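Chain residues, written in single-letter form:
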Amino acid sequence: FLSKIYGVEEEIAQERMTKLANLFDISDRQFETIESFSHGMRQKVIVIGALIPNPDIWILDEPLTGLDPQASYDLKEMMKNDKPEQENETEAEKEE
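Our subject in this report is the structure included herewith. Bear in mind the structure is a predicted one, so any value in this text is a computation, not a measurement.

### Here's the deal with helix α3 (residues 39-51)
Then, in step 1: Under the 1.5 Å per step criterion, the end-to-end length of α3 is 19 Å for 13 residues, consistent within 8% with the ideal 18 Å.
Then, in step 2: Of the positions making up α3, those classed as buried are Gly40, Met41, Gln43, Lys44, Val47, Ile48, Gly49 and Leu51.

As structure tokens, then:
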């Protein structure tokens, strides 16, 4: 649903969703309704939804609230690694 709002192609959105669902360890529950999820699981779904469009700027309000330690660590690592990847892509594009 969110991918359509942001104009992300279905194939790309599915790849990102699968990657993020695996990272946050919810791939086995991705087809369940959110009603049955705990607060932490809901938080993971919200974070995944925010990251599917691969935004240039991340605006997240208390993204670690409710996340388990591993998910918190993974999200922090993604935040740290996001900027350098974008800079590297930009530098590679400049070289072309």
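### Quick notes on helix α2 (residues 10-23)
Helical periodicity: at 3.6 residues per turn, an α-helix aligns residues three or four positions apart in one direction.
Then, in step 1: Its 14 residues place the ends of α2 20 Å apart at the C-alpha level, agreeing with the 20 Å of an ideal helix rising 1.5 Å per residue.
Then, in step 2: All of the buried residues along α2 are Ala13, Leu20 and Ala21. For α2, the arc enclosing every buried residue in end-on projection is 100°, short of the 170-degree limit, so these residues lie on one face. Away from its buried face, by an angle of more than 90 degrees, α2 presents the exposed residues Glu11 and Lys19.
Then, in step 3: Two residues or fewer past α2, Asp25 is found with a positive phi of approximately 55°.

What counts as what
One numbering rule holds for all chains: residues counted from 1, following each sequence as written. Reporting of local features is limited, given that this is a predicted model, to residues whose pLDDT is at least 70; pairs of side-chain atoms are given and counted only at 80 or more, and all residues count toward the totals for whole chains, interfaces and linings. Computation of side-chain values: all heavy atoms of the structure, hydrogens and water removed. Every helix listed is a DSSP run of H or I at least four residues long, and every strand listed is a run of E at least two residues long, numbered separately from the N terminus. What a helix should span is 1.5 Å times the count of its residues minus one. Note on classification: 1.4 Å probe, protein chains only; a residue is buried when its accessible area is under 20% of the maximum for its type, exposed when over 50%, partly exposed between these limits. This arc corresponds to the set of directions leading from the helix axis out to the C-beta atoms.

No statement about biological role is implied by the geometric values presented.
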